[in-house]
Amino acid sequence: MVLKVFFPSCCSSADSGILIGRWLSEQNSAVVLAVVHFPFIPVQVKQYLGEVQRVTKVSLSVLGSWSNSKQEKEEGLSEFLEDLGTIFSHEPWIQISKEGDSKFWSCSTLQKHSSSPKEEEVILVYYDQRKVMLSHLHPPLDTADGRAEDASKLSAIFDTVARSRVLFMTDRYNEGPIKLTHWQSEGVEASIIVELLKQASVPACMLLTFLLSLVSGICRSRVLKFWPLSFLWSKLSTCEQLGHRLQHLQVISSNKKAQTQTQLMRKANIFVSLLIDVALGILLVSWLYRKNRIGHLADTLIPMADHVAEELQDLLQWLMGAPAGLKMNRALDQVLGRFFLYHIHLWISYIHLMSPFIEMILWYVGLSACLGLTVALCILSDIIALLTFHIYCFYVYGARLYCLKIYGLSSLWRLFRGKKWNVLRQRVDSCSYDLDQLFIGTLLFTILLFLLPTTALYYLVFTLLRLLVVIVQGLIHLLIDLIDSLPLYSLILRLCRSYRLAAGVKFRVLEQQDGKPLRLLMQINPLSYGAVVQTYRLPTYSCYPKDSWASLCKKLFLGELIYPWKHKGEKQD
């Protein structure tokens, strides 16, 4: 049977000593975790292994000896290392030696207690302890029970390295009676700053949690549930984004420790997303308040609104004539045209009434960008919705009128065929009509049919205008959802430390020679960027309707109202 020895690459230049690790009898494998250097007392080594085993719940033992002939050239060293097998009784006793600068190592096994000892074929697998421990390829530590659930998988090796974290947490300036070599042999003094920041963040998180609980309590109060405030809170995208960011802050400031890797990555992604969002918002504020750009924007906004209103007036005048050579119903055309012209007149009066306060409103609205770029974009979307409210009203009027005629024509068409719509059973049933009903139905059908082109033309024009506004708002909300949902921390981690987001491992042959053990290098396979985005993507507050083109065309034909997005828990009309 082939013996597999997993050897940490950080110990390849270590001084001679003994190998400590875990023996996996099901796989006939040995996982080396560290090298204990000379001099040492065997009793202290056994006590140390017992303490580590009690904390980590991993059965550690002395697996064999390690000889680095570049540092140790005594003739009796090999015999001394073989004698250690009698003190630390382990079967088989693994002997690994490195001969000077040679790239080939020798690895042999001793079985002193076996009646018929035989030489086993050895495969030496190098692995990076730090990458294996941080790759999270092992099972969750809270569910592992100290033994591999499936011996045919590599999860036992990853689980052994991950659960032996206590063994690696040594201090460089506090050397004990046992000197070890592993991936963190230089000590952990560099992480003192990180530990101090962790300790200092505890009171800050408590204060932030208290403030957020106070704000969330105000938001959940009954005052906001009354009609005007509840309506504004559900319709304005700025309020939805602020509530979304409030939930993110509550997740970050929570003192509850993340139990899984997914929860930890979610917290980190939210924190980085908030940080970048606020940084971009501050950059936007600095750009707006430089060189009086707010004043220039306010001076441009009123003429732009007047120009849009004038263009709408010209469009209505064109519709009230003979648009594209079409002959419309003059009476209905004049009524609809004057009705919409009156609304435009009201809108122009409203804009000119608000013109003295536009600059002051924009000045204070610009400060809200300090809360994040997404908040500023939501305010921009709401401003566009308010400035184009008259277009939305035109669209609603035209859609309702067109929908009324379409449903009236369809009902009267069923009357001609002797059918009617059964409301209770939700189906079309046969029905007999008398002569008066057929006569009145014929008159109404003729009237609605000849008035339909005029109504359809107004509906088509205002639907195109509404769709233009919807596309602009949809692009803004797509950018907001991109900032909110993009896992920036995971992407940065994939770019800088790809082993932290591992999908598996691969083995590469280093050297192979007759009479020498086969040397393999175990490497971490990282997740692809698409898999990272799909796995760690953050949820957003708005969900776009997944209507097909056929469904969208059907809604446009029937005159149903179409919105660019709908909020969670809100049904689309």
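Residues numbered from 1 in each chain as written. Predicted model: local features only at pLDDT ≥ 70, side-chain atom pairs only at ≥ 80, totals over all residues. Heavy atoms only, no water.

- An unreviewed UniProt entry annotates the protein chain as PIGQ acetylglucosaminyltransferase originating from Mionectes macconnelli.

## Re the nonpolar core
Stage number 1. Counting 35 residues, the largest nonpolar core has I20, V31, V36, V45, V62 and Y127 as its most contacted members.
Stage number 2. Looking at this core, the elements with two or more residues in it are strand 2 (17-24), strand 3 (29-37), helix 1 (42-56), strand 7 (122-127), helix 3 (129-134), helix 4 (155-163) and strand 12 (518-526).
Stage number 3. The contacts of I20, once residues within four sequence positions are left out, are V31, V32, L33, A34, V36, L49, S61, V62, L63, L167 and L180. (Core = buried A, V, L, I, M, F, W, Y, C linked by side-chain atoms within 4.5 Å. Buried < 20%, exposed > 50% of the residue type's maximum accessible area, 1.4 Å probe, protein only. Helix = DSSP H or I, 4+ residues; strand = E, 2+ residues; numbered from the N terminus. Contact = heavy atoms within 4.5 Å.)

## Quick word on the pairing of strand 11 (residues 502-511)
Stage number 1. One ladder, built from eight bridges, connects strand 11 with strand 12; its direction is antiparallel. In the strand pairing of strand 12, K506 is matched with Q523.
Stage number 2. Linkage of strand 11 to strand 12, two consecutive antiparallel strands, is achieved through a turn of six residues, within which G515 is found at a positive phi near 85°. (Pairing = 2+ DSSP bridges.)

## Focus on the pattern of salt bridges
Stage number 1. Under the definition given, this model contains three salt bridges.
Stage number 2. Between D159 and R163 there is a salt bridge; the shortest N-O distance is 3.3 Å. Of this pair, D159 and R163 both sit in helix 4, separated by four residues, roughly a single helical turn. The exposure classification of D159 matches that of R163, with both residues buried.
Stage number 3. One salt bridge in this structure joins D484 and R245, with 2.8 Å as the shortest N-O distance. Within this pair, whereas D484 is found in helix 15 (residues 435-485), its partner R245 is found in helix 8 (residues 237-253), the two being separated by 239 residues in sequence. For the pair shown, D484 and R245 are each scored as buried.
Stage number 4. Sharing partners across several salt bridges, the network here consists of R245, D277 and D484. (Salt bridge = Lys/Arg side-chain N within 4 Å of Asp/Glu carboxyl O.)

## Concerning the pairing of strand 2
Stage number 1. Of all eight residues that make up strand 2, seven are buried, and the element is covered over most of its length.
Stage number 2. Relative to strand 3, strand 2 runs antiparallel, the two being bridged by eight bridges. Pairing of R22 across the sheet is with V31, part of strand 3.
Stage number 3. Here strand 2 folds back onto strand 3 in antiparallel fashion, the turn holding four residues, of which N28 has a positive phi close to 55°.

## Digging into the environment of I344
Stage number 1. Tracing the sequence through the fold places I344 in helix 11 (residues 330-354).
Stage number 2. The spatial distance from the C-alpha of I344 to the C-alpha of A309 is 6.5 Å, given a sequence separation of 35 residues.
Stage number 3. Aside from chain neighbours lying at most four places away, what touches I344 is A309, L312, Q313, L316 and F394.

## Let's talk about the environment of L387
Stage number 1. Within the element layout of this structure, L387 appears in helix 13 (residues 373-387).
Stage number 2. Residue L387 is classed as partly exposed on the basis of its relative accessible area, which comes to 28%.
Stage number 3. Between the alpha carbons of L387 and L301 there is a distance of 9.9 Å; along the sequence they are 86 residues apart.

## Examining the confidence of the model for the protein chain
Stage number 1. The pLDDT averaged across the protein chain works out to 77; a share of 76% of its residues lies at or above 70.
Stage number 2. Long-range and interchain partners of residues 141-152, a stretch whose pLDDT sits below 50, account for 16 contacts in this model, where long-range means more than four residues apart.
Stage number 3. Of the regions scoring below 50 in pLDDT, residues 564-573 engages in 29 contacts with residues more than four places distant in sequence or in other chains. (pLDDT = per-residue confidence, 0-100.)

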